[in-house]
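# Structural description and commentary
Now for the letters of each chain:
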Amino acid sequence: MTMIAEIFSQGEEVVSGQIVDSNAAWLSQQLNDLGFVVKRHTAVGDDLDDLVSLLKEIAVRADCCICTGGLGPTVDDLTAEAVARAAGEELCFDSEAMQQIEAYFSQRQREMPAINRKQAFLPEKAMRIDNPVGTAPGFALHIQRCWFVFLPGVPAEMKAMFAHVRTQLPARFALRPVQLVVLRSFGIGESSIQQALRDLNLPEGVRLGFRAAVDEVQTKLMFPADYPLADRQSLAQQVALRLGDFVFAIDGLPDQVGGDMLSVIDRKLLANGQTLAVLETASGGLLAAKCFGRSWLASAAIAPDAVVAGQLVGVETTAELAQAAQDMAVQLRQRQGTVLALVQLVQGTMDDYRRQDGRIVLYNALATDSGVVQRQQTLAGAAQTKQNQAALGSLDLLRRYLYHSCP
């Protein structure tokens, strides 16, 4: 039986956009990992009637709801009062909660404001959840169908208290966590992935999903809890074959290498004992920053702005720029004494680079002990977007070389 969960965030600062509700995203991941199906995220401002109304709605449609915010001592912190009304209970003074609040101030040699006493009043049938890092105790209780858990909105306090809640949820609910396999790719968009998988027949009970981020696209296969490992491996392999070299890692299977692109590269370079020198242009130091602290990065430098087409002596055509990148990579490898050397050259002006509507062409050249591997990449968008895509494109060239040429 599927256990339905919801996330409920309270506070004017959330609904007005003054803060980003990172709590909801984090809690959803936690609940999904446990085996819940999270159906809704809801945010409500500091209005008592709205809070009571939403609590009553959730109480009849969800099995579990994690609520954050509104547990502070000020007049706009209304959660405890709203819960008491929705549950038809009174607010009762919790002396142990009061002792913990007083101890918090005493340990810091501060006088407790009188208004903090408000935080010790909880719905009469609620189970208190102690706060190890703040003043606001949380609490939990049943209202009709739903088991509600109320936690502070401060992320550090919320996460510390949810660690205790998490241990209790499997005992309260018959949870069957999905088996998640994630194929991580770079250089291919969601629509192209969807097209490549258009005629893939998914077995009954298996769901397909996607998540696009700045540095990768994730193709997610969600299997029922008891789905055989061999069948998960077989379906993941079918998807990987359709997507080809764009896939750089597969998470969730014991026979596959997982992780982000840099961790994949890191493992390969360390295993092969290889070193790398880098000369950047369009990535503007970001490539070196991403690799910072890795033992295999022997040297990194940013070329002057003048390293663009038409400003290199003797470079006028695209072919000449590609040859210049190749020659510079070979020279950098020899000069630094590294196994690998990566050079970026740019076709276009700094004005093209800075403008939102400007385009540049990036030439990556990777010098190896068996020759030079090259790739051409057109970059568009804001300067920061071009910078990040240049760094990721260079890493992807390196990743592809390592996995095709260095078994």
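No experiment lies behind these values; they were computed from the predicted model shown. (Residues numbered from 1 in each chain as written. Predicted model: local features only at pLDDT ≥ 70, side-chain atom pairs only at ≥ 80, totals over all residues. Heavy atoms only, no water.)

## Notes on the layout of surface pockets
- Here the largest pocket is characterised by a volume of approximately 640 Å³.
- Looking at the largest pocket, it is lined by 20 residues, and the ones nearest its centre are Gln29, Asn32, Leu180, Lys220 and Met222.
- Those elements that provide at least two residues to the lining of the largest pocket are α2 (22–34), β2 (37–44), β9 (179–185), β10 (207–212) and β11 (217–223).
- Counting residues per element, the lining of the largest pocket draws most heavily on α2, which supplies 5 residues.
- Of the volumes computed, that of the second largest pocket is approximately 320 Å³.
- Around the second largest pocket, the lining comprises 16 residues; the ones closest to its centre are Val247, Phe248, Ala249, Arg399 and Tyr403. (1 Å grid on protein atoms, 1.4 Å probe; cavity = no way out; pocket = protein on both sides within 12 Å on 5 of 7 lines; lining within 4 Å. Points joined across faces, edges and corners; volume = space filled by probe spheres on them. Helix = DSSP H or I, 4+ residues; strand = E, 2+ residues; numbered from the N terminus.)

## A look at the packing of helix α3 (residues 48–61) against helix α4 (residues 79–87)
- Taken N-terminus to C-terminus, the directions of α3 and α4 make an angle of 50 degrees; their axes are 9 Å apart at the nearest point. Judged on the interaxial angle alone, α4 and α3 are oblique. Of the two possible hands of crossing, α3 and α4 adopt the one that is right-handed. Here α3 contributes Leu48, Asp49, Leu51, Val52, Leu55 and Lys56 to the contact with α4, which in turn contributes Glu81, Ala82, Val83, Arg85 and Ala86.
- Looking at side-chain class alone, the contact of α3 with α4 contains 7 nonpolar, no polar and 4 charged residues. (Axes fitted to C-alpha atoms, helices over the stretch in contact; angles between N-to-C directions. Parallel < 35°, antiparallel > 145°, perpendicular 65-115°, else oblique. Left-handed = near helix turned anticlockwise from the far one by under 90°. Contact = heavy atoms within 4.5 Å. Nonpolar A, V, L, I, M, F, W, Y, C, P; charged D, E, K, R; others polar.)

## Concerning the confidence of the model for the protein chain
- Across the protein chain, the average pLDDT comes to 91, with 96% of residues at or above 70.
- Between the elements of the protein chain, mean pLDDT differs from a low of 87, seen in helix α12 (residues 350–354), to a high of 97, seen in strand β8 (residues 146–151). (pLDDT = per-residue confidence, 0-100.)

## Description of the packing of aromatic side chains
- Under the criterion given, the structure shown has 7 aromatic pairs.
- Taken together, a centroid distance of 5.8 Å and an interplanar angle of 15 degrees make the contact between Phe148 and Phe150 stacked.
- Given a relative accessible area of 1%, Phe150 falls into the buried group.
- Ring geometry for Phe223 versus Tyr227: centroids 4.9 Å apart, planes at 40 degrees, classification tilted. When sorted by exposure, Phe223 lands in the same class as Tyr227, which is buried.
- Through pairs of rings, three or more aromatic residues link up here, namely Phe139, Phe148 and Phe150.
- One residue, Arg108, lies across the ring of Tyr104, its end atom 3.7 Å from the ring centre.
- Note that Arg400 overlies the ring of Phe246, its terminal NZ or CZ placed 5.4 Å from the centroid. (Phe/Tyr/Trp six-rings, centres within 6.5 Å; stacked < 30°, edge-to-face > 60°. Buried < 20%, exposed > 50% of the residue type's maximum accessible area, 1.4 Å probe, protein only. Lys NZ or Arg CZ within 6 Å of the ring centre and 35° of its normal.)

## A closer look at the environment of Cys92
- Along the chain, Cys92 falls in strand β4 (residues 91–93).
- Residue classification places Cys92 among the partly exposed residues on the basis of a relative accessible area of 31%.
- Linking Cys92 and Asp63, residues 29 residues apart in sequence, is a C-alpha distance of 25 Å.
- Beyond its immediate stretch of four places on either side in the chain, Cys92 contacts Ala120, Phe121, Leu122 and Glu124.

## What to know about the side chain of Gln30
- Counting through the fold element by element, Gln30 comes out in helix α2.
- If near-sequence neighbours (up to four positions away) are discounted, Gln30 is found in contact with Phe162 and Arg166.

## Observations concerning a negative patch on the surface
- Taken together, Glu12, Glu13, Asp47, Asp49, Asp50 and Asp76 make up a surface patch of like negative charges.
- Elements supplying a minimum of two residues to the negative patch: α1 (12–15) and α3.
- Here Asp49 is to be found in helix α3. (Patch = residues over 30% accessible without salt bridge, like charges linked within 9 Å, V, L, I, M, F, W, Y side chains within 5 Å. Areas by Shrake-Rupley, 256 points an atom, 1.4 Å probe, with all protein chains shown as cover. Salt bridge = Lys/Arg side-chain N within 4 Å of Asp/Glu carboxyl O. Lys, Arg positive; Asp, Glu negative; His and termini not counted. Charge placed at Lys NZ, Arg CZ, Asp CG, Glu CD.)

## As for the nonpolar core
- Membership of the largest hydrophobic core comes to 27 residues, with the highest contact counts inside it found for Phe8, Leu55, Ile58, Phe139, Leu141, Phe148 and Phe150.
- For this core, the elements supplying multiple residues, two or more each, are α3, β3 (64–68), α4, β7 (138–143) and β8.
- Aside from chain neighbours lying at most four places away, what touches Phe8 is Thr42, Val44, Leu51, Leu54, Leu55, Ile58, Cys65, Ile66, Cys67 and Thr68.
- Within the second largest apolar cluster, 24 residues are counted, among which are Leu269, Leu340, Leu342 and Leu397. (Core = buried A, V, L, I, M, F, W, Y, C linked by side-chain atoms within 4.5 Å.)

## A look at the sheet that holds β11
- A sheet is described by the order of its strands in space; here 4 strands give the open sequence β10-β11-β9-β12, paired in antiparallel fashion. The two strands at the open ends of the sheet, each matched to only one other strand, are β10 and β12 (247–251). Within the sheet, the average angular offset between the axes of one strand and its neighbour, ignoring direction, is 20 degrees.
- Along the sheet, helix α8 (residues 229–243) makes contact with β9, β11 and β12, crossing β11 at roughly 155 degrees. (Pairing = 2+ DSSP bridges.)

## A look at the environment of Val52
- Structurally, Val52 is set in helix α3.
- With 32 residues separating them along the chain, Val52 and Ala84 place their C-alpha atoms 8.8 Å apart.

## Observations regarding the side chain of Gln218
- Secondary-structure assignment places Gln218 in strand β11.
- With relative accessibility at 13%, the residue Gln218 sits in the buried group.
- At 3.0 Å, the side chain of Gln218 and the side chain of Glu216 are in polar contact.
- Excluding residues that lie within four positions of it along the chain, Gln218 makes contacts with Val182, Leu183, Arg184, Gly209, Phe210 and Arg211. (Polar contact = N/O pair within 3.5 Å; in protein donor to acceptor, adjacent residues only side chain to side chain.)

## Re the sheet that holds strand β15 (residues 340–347)
- Taken together, 5 strands build an open sheet; the order of strands is β14-β13-β15-β16-β17 and the sheet is mixed. Either end of the sheet is taken by a strand with one partner, and the two such strands are β14 (297–302) and β17 (371–380). Direction aside, neighbouring strands of the sheet carry axes that sit 15 degrees apart on average.
- As paired elements, strand β13 (residues 276–280) and β15 share 4 bridges and run parallel to each other. Its bridge partner lying in β15, Val278 is registered against Leu342.
- With respect to the sheet, helix α13 (residues 383–405) is in contact with β13, β15, β16 (359–368) and β17, its orientation differing from that of β17 by roughly 150 degrees.

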